[in-house]
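# Understanding the architecture of this molecule
Listed below are the residues making up each chain.
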Amino acid sequence: MTREEAEALDLADPLARFRDAFDLPSGVIYLDGNSLGPPPLSAHERLERASRREWGEGLIRSWNDAKWIEAPLRVGGKIARLIGAKPSEVIVADGTSVNLFKLAAEALSLQPGRTTILSEAGNFPTDLYALQGLAALLGDRARVKAVAPADLVAAIDDDTAVVVLTHIHFKSARRWDMAAVTAAAHAKGALVVWDLCHTAGAVACDLNGAQADFAVGCGYKYLNGGPGAPAFLFVAERHQAAVRSPLWGWMGHAEPFAFEEGYRPSGDIRGQITGTPPILALAALEAGVDLQLETDPALVEAKGLALADLFIAEVEARNPDKDLALASPREAASRGLHVSFAHPQGYALVQAMIARGIIGDFRAPDIARFGFSPLFLSHAEVWDAASAFADIFSSRAWDRPEFRVRAAVT
Ligand SMILES: Cc1ncc(COP(=O)(O)O)c(C=O)c1O
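First things first, this report covers the structure right here in the doc.

Parameters at a glance
- Sequence order as written defines residue numbering, which begins from 1 separately in each chain.
- Selection of residues for local features in this predicted model requires a pLDDT of at least 70, selection of side-chain atom pairs for listing and counting requires 80 or more, and totals for whole chains, interfaces and linings are taken over all residues.
- The side-chain figures draw on all heavy atoms in the structure; neither hydrogens nor water molecules are used.
- For helices the rule is a DSSP run of H or I covering at least 4 residues; for strands it is a run of E covering at least 2, with both sets numbered from the N terminus onward.
- Here the globule rule reads 2.2 Å times residues to the power 0.38, and the radius of gyration is calculated from C-alpha atoms.
- Partly exposed describes any residue whose relative accessible area lies between the buried limit of under 20% and the exposed limit of over 50%, with all areas from a 1.4 Å probe on protein chains only and scaled to the type maximum.
- The contact criterion used is simple: two residues touch if any of their non-hydrogen atoms lie within 4.5 Å.
- Calculation of accessible area relied on Shrake-Rupley with a 1.4 Å probe; when residues are assessed, cover is drawn exclusively from the protein chains displayed.
- Angles run from 0 to 180 degrees between N-to-C directions of axes, and those axes are lines fitted to C-alpha atoms, restricted for helices to the stretch in contact.
- When an angle is under 35 degrees it counts as roughly parallel; over 145 it counts as roughly antiparallel; between 65 and 115 it counts as roughly perpendicular; any other value is oblique.
- Nonpolar residues are Ala, Val, Leu, Ile, Met, Phe, Trp, Tyr, Cys and Pro. Charged residues are Asp, Glu, Lys and Arg, and all others, Gly as well, are polar.
- The working definition used for a salt bridge is a side-chain nitrogen of Lys or Arg within 4 Å of a carboxyl oxygen of Asp or Glu.
- Being near a molecule or strand, for a residue, comes down to having at least one heavy atom within 4 Å of it.
- Polar contact is the term for a pair of N or O atoms within 3.5 Å; when the atoms are in protein, one must be able to donate a hydrogen and the other to accept it, and sequence-neighboring residues count only if both atoms are side-chain atoms.
- Pairing of aromatic rings covers Phe, Tyr and Trp, the last counted by its six-membered ring, and requires centre-to-centre distances within 6.5 Å; plane angles under 30 degrees mean stacked, over 60 mean edge-to-face, and any other angle means tilted.
- Note on geometry: a ring has a charge over it if NZ (lysine) or CZ (arginine) is within 6 Å of the ring centre and within 35 degrees of the ring normal.
- If DSSP finds at least two bridges between two strands, the strands pair.
- By convention a crossover is right-handed if, when the strands point away from the viewer, the path from the first strand over the helix to the second runs clockwise.

## Points about the overall build of the protein chain
What the protein chain contains, in helices and strands, is 13 helices and 13 strands. The globule rule puts the C-alpha radius of gyration for 410 residues at 22 Å, and the 22 Å found for the protein chain is close to it. Taking the principal axes of its C-alpha atoms as reference, the protein chain extends roughly 70 × 55 × 40 Å. Across the 410 residues in the protein chain, those meeting the buried criterion constitute 55%. Nonlocal contacts in the protein chain, meaning residues at least 24 apart in sequence, comprise 73% of its contacts between residues at least 6 apart. Accessible surface for the protein chain amounts to roughly 17,000 Å². Of this, 56% is attributable to carbon and sulfur atoms.

## Here we look at the packing of helix α1 (residues 3-11) against helix α13 (residues 379-394)
Between two packed helices, the angle of one axis relative to the other and the distance separating the axes together describe the packing. Close contact between α1 and α13 brings their axes to 7 Å; oriented N to C, the two are set at 150 degrees. With respect to α13, the element α1 is oriented roughly antiparallel. On α13, the residues that touch Arg3, Ala6, Glu7, Leu9 and Asp10 of α1 are His379, Ala380, Trp383 and Asp384. Of the residues assigned to the contact of α1 with α13, the class counts are four nonpolar, one polar and four charged.

## Regarding the pattern of salt bridges
In this structure the tally under the stated criterion is 29 salt bridges. In this structure, lysine 303 and aspartate 13 form a salt bridge, with 2.6 Å as the shortest nitrogen-oxygen distance. Taken together, the positions of lysine 303 in helix α11 (residues 297-317) and aspartate 13 in the loop between α1 and β1 (29-30) put the pair 290 residues apart, joining distant regions of the chain. Each member of the pair, lysine 303 as well as aspartate 13, carries the same accessibility label: buried. One salt bridge connects lysine 102 with aspartate 94, and the closest N-O pair in it is separated by 2.6 Å. Residues participating in the shared-partner salt-bridge network are Arg46, Arg74, Lys78, Glu286 and Asp290.

## A short note on the site of the ligand
Every residue near the ligand is listed here: Thr96, Ser97, Phe124, Thr126, Asp127, Thr166, Phe170, Asp195, Cys197, His198, Tyr220 and Lys221. For the ligand, an oxygen atom lies 2.6 Å from a polar atom in the side chain of lysine 221. Within the residue set of the shell around the ligand, elements represented by two or more residues are α5 (96-109) and α6 (125-138). Residue composition of the shell around the ligand, grouped by class: four nonpolar, five polar and three charged.

## A short note on the packing of aromatic side chains
Under the criterion given, the structure shown has 16 aromatic pairs. Judged by centre distance (5.4 Å) and plane angle (75 degrees), the rings of phenylalanine 389 and phenylalanine 393 are edge-to-face. Here phenylalanine 389 pairs with phenylalanine 393, and both are found in helix α13, just four residues apart, close to one helical turn. Three or more aromatic residues joined by ring pairs form one cluster here, namely Phe311, Phe341, Phe370, Phe372, Phe389 and Phe393. One residue, arginine 318, lies across the ring of tryptophan 383, its end atom 4.9 Å from the ring centre. Here the guanidinium or amino end of arginine 406 rests over the ring plane of tyrosine 347, the centre of that ring lying 4.7 Å away.

## Topic: the environment of histidine 343
You can see histidine 343 is positioned in the loop between β10 (338-342) and α12 (346-355). When its relative accessible area of 6% is taken as the criterion, histidine 343 is described as buried. Each C-alpha atom, one on histidine 343 and one on histidine 239, is 45 Å from the other, the two residues being 104 residues apart in sequence. Those residues in contact with histidine 343 that lie beyond four places of it in its chain are Asp321, Asp323, Leu324, Leu349, Asp366 and Phe393.

## Notes on the side chain of serine 62
Checked against the element boundaries, serine 62 lands in helix α3 (residues 62-65). At 2.6 Å, the side chain of serine 62 and the backbone oxygen of glutamate 54 are in polar contact. Ignoring sequence-local partners within four residues, the contact set of serine 62 consists of Glu54, Lys67 and Trp68.

## Section: the pairing of strand β5 (residues 160-166)
Regular strands have side chains that alternate between both faces of the sheet. In terms of burial, β5 is largely enclosed, as seven of its seven residues are buried. Across four bridges, the pairing between strand β3 (residues 116-120) and β5 is parallel. Paired with threonine 116 across the bridge in β5 is threonine 160. In this sheet, strand β6 (residues 191-195) lies alongside β5 in parallel orientation, the contact comprising five bridges. Bridge pairing in β6 links leucine 165 to tryptophan 194. This β-α-β element, β5 to helix α8 (residues 178-187) to β6, shows right-handed connectivity.

Rendered as structure tokens:
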């Protein structure tokens with residue numbers, strides 16, 4: 001493709017108008033919205049309002065007057081529309097890791113006699129850690145088994161209590177078939193917890209269409225909720241009365257302001273909250289989610305996949321280096337919205353790109369990872385990024401001592 005052809009695609013892009021809704025520095029091509037989404041301009045306004053007016057002027061009255069107390073359920077209900085769930089099935093609470101722990105524990109509690117928590121080897125570390133921590137707490141009642149993705153479905157057996165999988169893999173972007181895996185688990189009597197961190201706001205997702213049981217996801221990637229944004233969780237309606245969060249806190253109580261001494265859980269999704277919700281962070285997240293709701297997830301997914309395809313094609317057409325290998329599925333239908341290339345100099349390559357204002361990230365040991373957020377990226381930018389990537393090889397621009405110095409966050 002020529003750059004002119006990429007520009008022509010931008011002129012016909014139904015999502016192009018969203019670019020102006022974001023606060024992005026000029027001269028930067030941001031290929032890391034899959035790690036930390038940029039701020040929507042509306043998030044700045046919401047934060048300002050939440051801080052000055054609601055907090056500063058309203059003070060504690062804002063729990064009622066500004067409806068702070070409803071924010072976890074309200075924002076959860078909005079996220080539900082992006083992931084194929086009912087508003088009463090999603091709530092914003094805690095962080096992804098904490099929610100994963102909670103839901104895996106809850107799924108286990110529904111499966112007396114079964115002890116295996118099954119996941120994939122190479123899953124995002126926090127997912128495995130949360131499960132290992134849960135198993136350590138439960139002693140003989142639970143064990144974690146992590147198998148290669150190719151062996152996963154066959155590994156679901158009569159002892160499998162719950163399968164915990166990340167829908168779109170954090171490194172490769174490989175995408176599980178949510179409906180097929182859920183059906184295979186159910187056929188063996190197992191439940192499934194889906195991690196939607198790289199799914200929500202990126203690709204069309206139909207939790208209820210897939211008969212999903214439980215799901216978690218973060219707010220700071222494609223939902224653009226800001227660094228450390230609170231996470232969301234989904235519990236299918238059919239499980240809500242039977243499960244109970246393992247973290248009993250007053251906000252999950254049936255009547256928090258009755259101040260009873262004994263825990264009496266709210267029997268619905270509100271029982272999944274633990275303590276006081278982070279209102280400022282929720283304000284930013286709501287702005288990001290509202291922006292997503294202005295468009296259609298199918299359009300978002302189609303553009304993101306097209307951008308990722310364009311990047312792969314333009315990098316490979318330039319054939320930059322014999323050691324560079326695509327580490328993501330080539331087939332768009334099997335992928336999420338980021339693309340990984342493996343290379344022994346992966347870290348230095350990403351640093352050299354960042355030095356040119358093209359921001360991606362590195363995932364050890366050798367992955368240069370680039371995300372294609374559809375709401376603010378153009379085809380021409382992706383074309384330019386691919387061209388710069390190839391140039392970094394031919395000019396050996398990556399080969400500088402400072403590009404080998406590892407920062408704390410890669
Ligand atoms: C698949 C996946 N799960 C979980 C997390 C992080 O969990 P937390 O939001 O608790 O930091 C990430 C972060 O990138 C992720 O990619």
